[in-house]
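Here is how the chains run, residue by residue.
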Amino acid sequence: MKFRFLIGLILLTVSCVESVAQIRLEVIHHAKLSLSDSSIFLAGTINGWSPGDEHFKLTRRPDGVYYIDLPDTLTYFEYKFTQGGWALVEGSRDGKARPNRVYNRSQEIDPKHVQVEIEVWENQPAYVIVTKKIPRNTPHDAALYIMGDFNNWNPADKTYKMNKQIDGSYQVLIYSPYEKFQYKFTRGTIESIESRSGGRFLKNRIVSRDQVVNRPNLEVDIASWSDITEGTQLYSIYDLLLLFSFFQGLLLIITIPSIQGYNKAANRWLLFLIGFSSVIVLLKVVGNYPLITQAYPKLQLLPDFIFFIYSPLFYFYIQRLLFQSRTSWSNNVQFHLIPALVQFFVYMVYLLMDKSLFESKLSNEFSDLYLVRFAVGSLAFIVNSYYWLVSLRALNRYKENYKNNNSYEQNLQYLNTVLFLQAICLFAWAIIILVVVFGKWWGLDVFYAVEFMIETIWMVFSGITFFLGYFVIHEPDIFRVPEMILELPISGSPPLSIQQHQTTIAKEETIENVEKEMEQVAAYMDQFKPYTNPKLNLVELATRLDLPPYVLSRIINTGSGKNFFDFVNGYRIDEFKRRVDDPQFRNHTLLSIAFDVGFNSKTAFNRSFKKITNQTPSSYFNKIKEY
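Every chain's residues receive numbers from 1 upward, in the order its sequence appears when written. Totals for whole chains, interfaces and linings use all residues, but because this is a predicted model, local features are given only for residues with pLDDT of at least 70 and pairs of side-chain atoms are given and counted only at 80 or more. Note that the side-chain values use all heavy atoms of the structure and ignore hydrogens as well as water.

Caption draft 1: How the structure looks around unusual backbone geometry. The backbone phi angle of Trp153 is positive, close to 55°, even though this residue is not glycine. Tracing the backbone shows Trp153 in the loop between β11 (145–148) and β12 (163–164). Its identity as a non-glycine residue notwithstanding, Asn614 has a phi of 65°, on the positive side. Mapped onto the elements of the fold, Asn614 is located in the loop between α18 (602–613) and α19 (617–626). Residue exposure (1.4 Å probe, protein chains only): buried if accessible area is under 20% of the type maximum, exposed if over 50%, otherwise partly exposed. Of the residues examined, Asn614 reaches a relative accessible area of 64% and is grouped as exposed. Only DSSP runs of H or I covering at least 4 residues are called helices, and only runs of E covering at least 2 are called strands; the numbering of each starts at the N terminus.

Caption draft 2: Representation of the sheet that holds strand β10 (residues 126–131) within the structure. A pair of strands is considered paired only if DSSP assigns at least 2 bridges between the two. Strand order across the open sheet formed by 4 strands is β12-β13-β10-β17, with mixed pairing between neighbours. Each edge of the sheet is formed by a strand with only one pairing partner; in this case those strands are β12 and β17 (217–220). Bridging between β12 and strand β13 (residues 170–175) involves 2 bridges; their strand directions are antiparallel. Bridged to Lys164 within β13 is Tyr170.

Caption draft 3: Structural detail: the packing of aromatic side chains. Aromatic contacts are taken between Phe, Tyr and Trp rings whose centres are within 6.5 Å, Trp giving its six-membered ring; a plane angle under 30 degrees counts as stacked, one over 60 as edge-to-face, and the others as tilted. Overall, the coordinates contain 26 aromatic pairs when judged by the stated rule. Geometrically, the ring pair formed by Phe77 and Tyr79 is tilted, given 5.4 Å between the ring centres and 45° between the ring planes. Taking the relative accessible area as the measure of exposure, Phe77 reaches 0% and is therefore buried. Taking relative accessible area as the criterion, Tyr79 reaches 3% and is therefore assigned buried. Geometrically, the ring pair formed by Phe181 and Tyr183 is tilted, given 5.9 Å between the ring centres and 45° between the ring planes. Phe181 sits in the buried class, given a relative accessible area of 0%. Across the ring face of Trp225, the terminal group of Arg187 is positioned such that the distance to the ring centre comes to 5.2 Å. Just above the ring of Phe599 sits the side chain of Arg572; from NZ or CZ to the centre is 5.9 Å. Lysine NZ or arginine CZ positioned within 6 Å of the ring centre and within 35 degrees of the ring normal marks a charge as sitting over the ring.

Caption draft 4: Broad picture of α18. Look at α18: 16 Å from first C-alpha to last across 12 residues, which is about the 16 Å you get at 1.5 Å a residue. The set of residues buried in α18 consists of Ala604, Phe605, Ser608, Phe609 and Thr613. Down the axis, α18 shows its buried residues gathered within 125° of arc, on one side only. Residue Asn614 follows α18 closely and has a positive phi angle near 65°. To estimate how far a helix should reach, multiply one less than its number of residues by 1.5 Å. Each C-beta atom gives one direction from the helix axis, and the arc is the one those directions make.

Caption draft 5: Spotlight on the side chain of Arg205. The residue Arg205 is located in strand β16 (residues 205–208) in this model. Of the polar contacts made by the side chain of Arg205, one reaches the side chain of Glu194; its length is 2.8 Å. The contact criterion used is simple: two residues touch if any of their non-hydrogen atoms lie within 4.5 Å. Sequence-distant contacts of Arg205, that is, excluding residues within four places in its chain, are made with Phe181, Gln182, Tyr183, Phe185, Glu194, Val220, Asp221 and Ile222. Here a polar contact is recorded for every N or O atom pair within 3.5 Å, except that within protein the pair must consist of a potential hydrogen donor and a potential acceptor, and residues adjacent in sequence are included only if both atoms are side-chain atoms.

Caption draft 6: Looking closely at the nonpolar core. The biggest cluster of nonpolar side chains holds 74 residues, and the ones touching the most others in it are Ile306, Tyr317, Leu322, Leu415, Trp458, Phe461 and Leu468. Elements that contribute at least two residues to this core include exactly α2 (236–255), α3 (264–288), α5 (310–323), α7 (338–351), α8 (355–363), α9 (368–403), α10 (413–442) and α11 (447–474). Per-element tally for this core: the top contributor is α10, with 12 residues. We call a set of buried Ala, Val, Leu, Ile, Met, Phe, Trp, Tyr and Cys residues a nonpolar core when their side-chain atoms join them within 4.5 Å. With 22 residues, the next largest nonpolar core counts Tyr160, Val172, Val207 and Val220 among its residues.

Caption draft 7: Structural detail: the pattern of salt bridges. Definition used for salt bridges: Asp or Glu carboxyl oxygen within 4 Å of a side-chain nitrogen of Lys or Arg. Following the criterion strictly, the structure yields 18 salt bridges and no others. Among the ionic pairs, Asp227 bridges to Arg187, the shortest N-O distance being 2.9 Å. Of the two residues, Asp227 sits in the loop between β18 (224–225) and α2 while Arg187 sits in the loop between β14 (180–186) and β15 (194–195), which places them 40 residues apart along the sequence. Look at Arg187 and you get buried, because its relative accessible area is 19%. A cluster of three or more residues bridged by salt bridges with shared partners is formed by Lys529, Glu575, Arg578 and Arg579.

Caption draft 8: Region of the structure containing the sheet that holds strand β3 (residues 59–60). Here we have 4 strands laid out as an open sheet, ordered β3-β4-β1-β8, and mixed in their pairing. Pairing within the sheet leaves two strands with one partner each, and these edge strands are β3 and β8 (113–118). Relative to strand β4 (residues 66–71), strand β1 (residues 22–30) is paired through 6 bridges, and the arrangement is antiparallel. Of the residues in β4, the one forming a bridge with Ile23 is Leu70.

Below, the structure written as structure tokens:
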């Protein structure tokens, strides 16, 4: 007898301890239940918002109060009460959706005993999803399901299995407590979710209550399945172009170093740039492949790392190519790559995330992942625009300095082409940002429009590699070691030897008489015709005249009001006119005469002739024939 009493006392003690270590949730009053035998369930963050979870079914006491005991370890959760499904969920007094209830231990009057009332059950609309068209390669015995935020994205929820109708269509009835809900079709597994044509990624479908006010049946088609692709689709041409760009990049990496006189100093940056871009393009192509996307969805983030790396690399190449400036790793490169480092740490949060959670964020255009990528992309647009402007400014500065020291044009067309393609990408990038902002502002679905523009940017970007390949094959000289371009100071003098310094002082004493010095230069040009040398530069002419280059530059700039380039080409144009008028040269073509007087290309000749005479060479020649 004593033993039984002891056992009972122990059980009573354990029961009391358990009750103390629990949170009791009581519904002390509720609106009338739909059926006499209906039950009340708790659905919330603690059970994945499952509306009819038997483990969270409330118990009814004799006095009519419903209650449930929850673990005392809970400190915060959101919840609602249902009658076993979202079709019967508590609502507000006007019959509409009510906000989620919140349990917060720190704000509850009695954290272990919470009493609530259910004022009314919400009048929820029914969504009838009808599918009349499914992919042709769908297995004949496949069961189709619909999953969404209304069933915690369960891909094989029997409650939401689609029923096949007599006409061959499928339909399912859905109740949701949300103003909007997201969903996708599946064949019972996450791997077999629906996709766009060819197995391409499909964002979550979205339905709002406004859509079922006058049209309860929502008809949608399933284009394809992620795990079963149908042949080559049109969009694969886009991936094919990117893939060709990747192989073109590999070819350039092999070809450029093989060019005789290869400019190692500058093209080391170019090769690094091409290699990095090619890898990113390959990741972009691989990330679009359906099977790879399913196995490694996080690959879709990796192409974003080009945002803050490509432009600095291109800028370093420009600086090293045009000005032979040596980039210091500790003082320069690290500073320029700070944005890329920040992006890396931000993206690591998602790269280390659970795969299923990451996929849910990737599919949901309202997730924080989309917000982060948009913010990073917008900042990257500003950064890339800055580097484009400073690169363009550097190129223009180089061209001006070049004309002060050389009488011929240098082929920088490939740099102009690259900057032009980059400008197209930046313009499309700006349009994307505006479309997204205005789309969110006006509540428009701009997902596919933005995706199309992003693909356009990648196609234009891949064109840079193709253009570089063209120039490498047809004009390899532009990748050889460039001639040194001296930046001559306007005043002062460069470091000279003692003898040179004495000569400089003597010359500076006579520099005040600019006209006299200019006459001597002009006399030399008329007598010896050095301008017929297509590669004539300031240093060579200064050596012939026994003048320091910077002194000769000052004489020409002050005496003629022209830079060295226009000064020499003016003599070439005059010599061209003289020969055209000379019967001795009547059997010569205009282009051959232009080359004889020192021009190194037809383009340079036409441009200079038009600039100096305000007419084309052919117009000038036709006027001569009239006389």
